[in-house]
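Notes for the structure review
The lines below spell out each chain.
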Amino acid sequence: MFLWGTATAAYQIEGATGEDGRGPSIWDTFAHEPGRTRDGHTGDVACDHYHRWREDVALMAGLGVNAYRFSIAWPRVLPVGSGRVDPRGLDFYDRLVDALLAAGIEPVPTLFHWDLPQALEERGGWLNRDVCRIFADYAATVAARLADRVPWWITLNEPFVHMAYGYAMGVHAPGRLLMTGALPAAHHQLLAHGLAVQALRAAGARQVALTNNCTPVRPASDGEADLKAAEAYDILHNRLFNDPILLGKYPDLSAYVPEVDFVRDGDLETISAPLDALGVNYYNPTRIAAPPPGAGLPFEDAGITGHPVTAFGWPVVPDGLRELLTGLKSRYGTALPPILITENGCSQEDALTPDGRVEDDARVAYLDGHLTAMRQAMAEGVDVRGYFVWSLLDNFEWAEGYHQRFGLVHVDFATQRRTPKRSYHWYRDYLRKAQNTDT
Ligand code: FCB
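Residues numbered from 1 in each chain as written. Predicted model: local features only at pLDDT ≥ 70, side-chain atom pairs only at ≥ 80, totals over all residues. Heavy atoms only, no water.

Brief notes about the site of the ligand
We count it as follows: We call a residue near a molecule or strand as soon as one heavy atom of that residue lies within 4 Å of the molecule or strand. Two N or O atoms form a polar contact when they lie within 3.5 Å of each other; inside protein one atom must be a possible hydrogen donor and the other a possible acceptor, and for residues adjacent in sequence the pair counts only when both atoms belong to side chains. Only the protein chains shown count as cover for residues, and all accessible areas are computed by the Shrake-Rupley method using a 1.4 Å probe. Amino acid classes used here: Ala, Val, Leu, Ile, Met, Phe, Trp, Tyr, Cys and Pro are nonpolar; Asp, Glu, Lys and Arg are charged; the rest, including Gly, are polar.
Every residue close to the ligand is listed here: Q12, H113, W114, N157, E158, Y283, E343, W390, E397, W398 and F406. In the environment of the ligand, an oxygen atom lies 2.7 Å from a nitrogen or oxygen atom belonging to the side chain of E397. Between W398 and the ligand, the recorded distance is 2.9 Å, taken from a side-chain N or O atom to an oxygen atom. When the ligand is considered free in solution it has 290 Å² of accessible area, and contact with the protein chains removes 96% of it. Residue composition of the shell around the ligand, by class: 5 nonpolar, 3 polar and 3 charged.

Here you go:
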């Protein structure tokens, strides 16, 4: 069965950050520091999904999806990251899983979508190798409770973005500015993934994947310096995360780090344990130029012109998804497992009309174009098994707070009123047709 779904993440929708024993995460800390997020927005309340999850499951049932990708908040399950489990956290996800199954929706939980327990940050976060084993223990704890009912597990969400924004450039939690010194945070996330795969399989998990953020990289020109910069970007954004998982080795990193002293014997075997799918999040391609002299990074984003842009300013290039998927197949060949597109979507300046509608035609065009591109890649031989729209609901968009709306459902954050947008109705009709014709 092709998985047709929507996606969310715990800190972006749940709220209730102090309830039922949940411990603080790095995102609670970061969002409460002055100047870190736009207008000081935090996820304290978000979409109040922790209390309104029944209504949200009903919205998905009305949409007709057969899968839902959400994330489990590690500090709800283990308030200080390891040791004492708070059963109330697990109870919440247990009820959610049962409600989804009762509505004919397959739960697809992600174990880590950036909300590291703050207590683990105080031990060094992903720069501390010990956190890898602690993550695997957390995975085992959750699987012991849910693996009997959950068909698909995703270990990590976008280790690239967490490393780059959280550890290299300091614009996401935990707010570190280490530039290429952030690379150990990549390796430790990947090692944590590998150890979690072992823990999940031992607990009876049926199918396991990891989600990478992937982007096709285009050089700004065919001059040597731009080509070299584009290769550097492709290595650090894409291959650093896909090669070890799929090929069991890192690309050559010697030009970017003085010494790769954080990889130990056996790590790559653990990291490259076979997966049932590769999760791919796609938003846009990237155009890369050589950096100015003395820059801290070996590339510069040159921006893509000539395409419409989203409210975030991200270029809308649907064919980039076809390019990405066929590119993965030609790069990895038989080492590429089936693909789940675990996120795709766009932010738009959505407004409620006085009579309560949201006419988000640009989102409809975005989704339509990307679904066509996905089908073209499938016709070209790429094995895609699922597609999840980011996102079900407008939500807390990290450093942008509530300013970027990605939902199929509009959320009025003052009243928590949910209003399905035009794109919700469009996706519902699309799914009806797809489910009648797809095998
Ligand atoms: C991805 C994140 C997701 C959301 C979208 C817009 O990088 O995984 O949480 O913020 O971008």
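Brief notes about the pattern of salt bridges
Using the following cut-off: Salt bridge criterion: a side-chain nitrogen from Lys or Arg within 4 Å of a carboxyl oxygen from Asp or Glu. Every helix listed is a DSSP run of H or I at least four residues long, and every strand listed is a run of E at least two residues long, numbered separately from the N terminus. Exposure classes here rest on a 1.4 Å probe applied to the protein chains alone. A residue is buried below 20% of its type maximum, exposed above 50%, and partly exposed in between.
Across all of its chains, the model carries 33 salt bridges by this definition. With a shortest N-O distance of 2.6 Å, R145 and D91 are connected by a salt bridge. Remark: D91 occurs in helix 5 (residues 87–102) and R145 occurs in helix 7 (residues 130–146); sequence separation between them is 54 residues. On the basis of relative accessibility, which here comes to 26%, the residue D91 falls in the partly exposed class. In this structure, R149 and D148 form a salt bridge, with 3.1 Å as the shortest nitrogen-oxygen distance. Under the relative-accessibility criterion, R149 is labelled buried at 18%. Linked through salt bridges whose partners overlap, the residues forming this network are D91, D94, D98, R145, D148 and R149.

Description of the environment of A143
The criterion, for reference: In what follows, a contact means two residues having at least one pair of non-hydrogen atoms within 4.5 Å.
Examined against the element boundaries, A143 turns out to sit in helix 7. Along the backbone, A143 and R201 are 58 residues apart, and their C-alpha atoms lie at a distance of 9.0 Å. Apart from residues no more than four positions distant in its own chain, A143 is found in contact with W153, L200 and A203.

What about the nonpolar core?
Test applied: The criterion is simple. A nonpolar core is a set of buried Ala, Val, Leu, Ile, Met, Phe, Trp, Tyr and Cys residues joined through side-chain atoms within 4.5 Å.
Ranked by size, the top nonpolar core spans 151 residues in total, and within it W4, W74, W126, F135, W153, Y387 and Y427 carry the most contacts. Among the elements that make up this core, the one with the highest residue count is helix 9 (residues 183–202) (11 residues). Discounting chain neighbours no more than four positions away, the residues touching F135 are W74, L111, F112, W126, T155, L156, A192, H193 and A196.

A closer look at the sheet that holds strand 6 (residues 217–219)
The strands making up a sheet associate through hydrogen bonds between their backbones, and the pairing can be parallel or antiparallel. Worth spelling out the cut-off: Think of it this way: DSSP has to see at least two bridges between two strands before they count as a pair.
With mixed pairing, 3 strands are arranged side by side in an open sheet as 6-8-9. The open sheet has two edge strands, strand 6 and strand 9 (300–301), and neither has a second partner. Across 3 bridges, the pairing between strand 6 and strand 8 (residues 286–289) is parallel. Directly across from P219, in strand 8, lies its bridge partner I288.

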